[in-house]
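Structural description and commentary
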Amino acid sequence: MINVAIDGPAGAGKSTISRAAADKLGFIYVDTGALYRSVGVYALRNGINTKSGEQLKKALPDIKVELVFKDGVQHVYLNGEDVSEEIRTPKASMAASDVSAVPEVRSFLFDLQRDIAVKNNCIMDGRDIGTVVLPNAECKIFLTASPECRAQRRYKELIEKGENVKYEDVLNDVNERDYNDSHRKIAPLKPSEESVIADTSKLSLDESIALIVKIIKEHM
Ligand code: DC
């Protein structure tokens with residue numbers, strides 16, 4: 001199987017670009033952030049402190065997260081319920097960032113990610129795919145863009161969805177999540193040594209997709 005690892009900070013366009021590249025190559029696209037988001041949503045729903053490793057550890061046996069691919073589109077199930085929409089709110093984003101710093105949560109989600117990669121040609125995106133989850137991936141890409149550029153894109157996305165948000169708040173969220181994701185002790189966000197760095201700040205979406213497909217083809 002051919003495995004492509006795409007890591008990078010929030011809002012770099014990883015999911016949109018990875019999904020489009022996977023389509024062009026006939027691979028499945030696996031969004032691992034959805035797994036952390038689902039655990040975050042479980043915590044929010046059940047009054048669990050998203051920063052408490054102790055509370056989360058206790059809750060893990062009650063949590064079942066599954067990824068199901070319908071016509072190539074990923075759906076995430078939390079204890080049998082499709083939560084693919086609910087995991088996208090700003091609250092769920094922050095909860096995901098919190099719970100992802102807990103080692104037990106990371107190992108809880110590890111096998112699920114590995115299983116999919118063993119069985120499928122896939123592009124998997126996240127923060128630690130090239131470094132931890134798929135260290136032997138055929139191709140590793142670190143996809144990034146400036147914080148302002150990422151905040152602007154996410155702001156536009158949320159406004160289009162009808163969310164009532166301010167640009168400054170989105171930028172603060174981006175900076176806070178970058179800080180959390182890159183300073184945590186376990187699996188911090190960083191390019192692996194073999195990663196190709198792709199900065200999309202100055203590229204259009206189509207240019208970004210073309211660049212990623214080109215990099216992947218060069219590694220196949
Ligand atoms: O990519 P995303 O915004 O959906 O990710 C949500 C949070 O989950 C993000 O703050 C970092 C965390 N995450 C992670 O730690 N490891 C991954 N492989 C994917 C996401």
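Data block above holds the structure.
What this report covers is the structure whose coordinates are included nearby. No experiment lies behind these values; they were computed from the predicted model shown.

1. Let's talk about the packing of aromatic side chains
Going through the model one piece at a time under the given rule, you end up with one aromatic pair. Look at Tyr 155 and Tyr 167: their rings are 6.1 Å apart centre to centre, the planes differ by 85°, and that puts the pair in the edge-to-face class. Of this pair, Tyr 155 sits in helix α7 (residues 147-160) while Tyr 167 sits in helix α8 (residues 167-183), and the two are 12 residues apart along the sequence. Residue classification places Tyr 155 among the partly exposed residues on the basis of a relative accessible area of 24%.

2. What about the pairing of strand β6 (residues 122-126)?
The buried fraction of β6 amounts to five of the five residues, a majority that puts the element mostly inside the structure. Of the two faces of β6, the one holding Cys 122, Met 124 and Gly 126 and the one holding Ile 123 and Asp 125 are both buried throughout. In terms of strand pairing, strand β1 (residues 3-7) meets β6 through five bridges, oriented parallel. What sits directly across from Val 4, in β6, is Ile 123. Of the strand pairs in this sheet, strand β2 (residues 28-31) and β6 are connected by four bridges, and their pairing is parallel.

3. Topic: the site of the ligand
Near the ligand there are 15 residues, and of these Thr 32, Arg 37, Arg 106, Arg 127 and Arg 184 occur at the shortest range. Between the ligand and Asp 128, the relevant distance is 3.1 Å, taken from a nitrogen atom to a side-chain nitrogen or oxygen of the residue. Taking Arg 177, its side chain carries an N or O atom lying 3.1 Å from an oxygen atom of the ligand. Elements represented by at least two residues in the shell around the ligand include exactly α2 (33-45), α4 (90-99) and α8. Broken down by element, the residue count for the shell around the ligand peaks at three residues, all from α2. Split by residue class, the shell around the ligand holds three nonpolar, five polar and seven charged.

4. Thoughts on the environment of His 219
Locating His 219 in the fold gives a position in helix α9 (residues 205-219). The exposure class assigned to His 219 is partly exposed, which follows from its relative accessible area of 32%. The spatial distance from the C-alpha of His 219 to the C-alpha of Ala 137 is 10.0 Å, given a sequence separation of 82 residues. Residues within four places of His 219 in sequence aside, it is in contact with Glu 138, Cys 139 and Val 196. In this structure the side chain of His 219 is engaged in a polar contact, spanning 2.8 Å, whose partner is the backbone oxygen of Ile 215.

5. Observations regarding α9
Relative to the 21 Å expected for 15 residues at 1.5 Å per residue, α9 spans 22 Å between its end C-alpha atoms, a close match to the ideal helical length. Residues of α9 that are buried include every one of Ser 208, Ile 209, Ile 212, Val 213, Ile 215 and Ile 216, and no others. Projected onto a plane normal to the axis of α9, the buried residues spread over an arc of 160° and lie on a single side. Opposite its buried face, α9 presents the exposed residues Asp 206, Lys 217 and Glu 218, each directed more than 90 degrees away. Among the structural elements, β1, α1 (14-25), β6, β7 (139-144) and β8 (196-199) are those in contact with the buried residues of α9.

6. A look at the pattern of salt bridges
This model, assessed by the stated rule, comprises 13 salt bridges. For Arg 45, the salt bridge goes to Glu 81, with nearest N and O atoms at 3.0 Å. Residue Arg 45 is found in helix α2, and its partner Glu 81 is found in strand β5 (residues 81-82); the two are separated by 36 residues along the sequence. Glu 81 gets classed as partly exposed once you look at its relative accessible area, which sits at 36%.

Scoring rules and cut-offs
Residues numbered from 1 in each chain as written. Predicted model: local features only at pLDDT ≥ 70, side-chain atom pairs only at ≥ 80, totals over all residues. Heavy atoms only, no water. Phe/Tyr/Trp six-rings, centres within 6.5 Å; stacked < 30°, edge-to-face > 60°. Helix = DSSP H or I, 4+ residues; strand = E, 2+ residues; numbered from the N terminus. Buried < 20%, exposed > 50% of the residue type's maximum accessible area, 1.4 Å probe, protein only. Pairing = 2+ DSSP bridges. Near = heavy atom within 4 Å. Polar contact = N/O pair within 3.5 Å; in protein donor to acceptor, adjacent residues only side chain to side chain. Nonpolar A, V, L, I, M, F, W, Y, C, P; charged D, E, K, R; others polar. Contact = heavy atoms within 4.5 Å. Expected span 1.5 Å × (residues − 1). Arc of directions from axis to C-beta. Salt bridge = Lys/Arg side-chain N within 4 Å of Asp/Glu carboxyl O.

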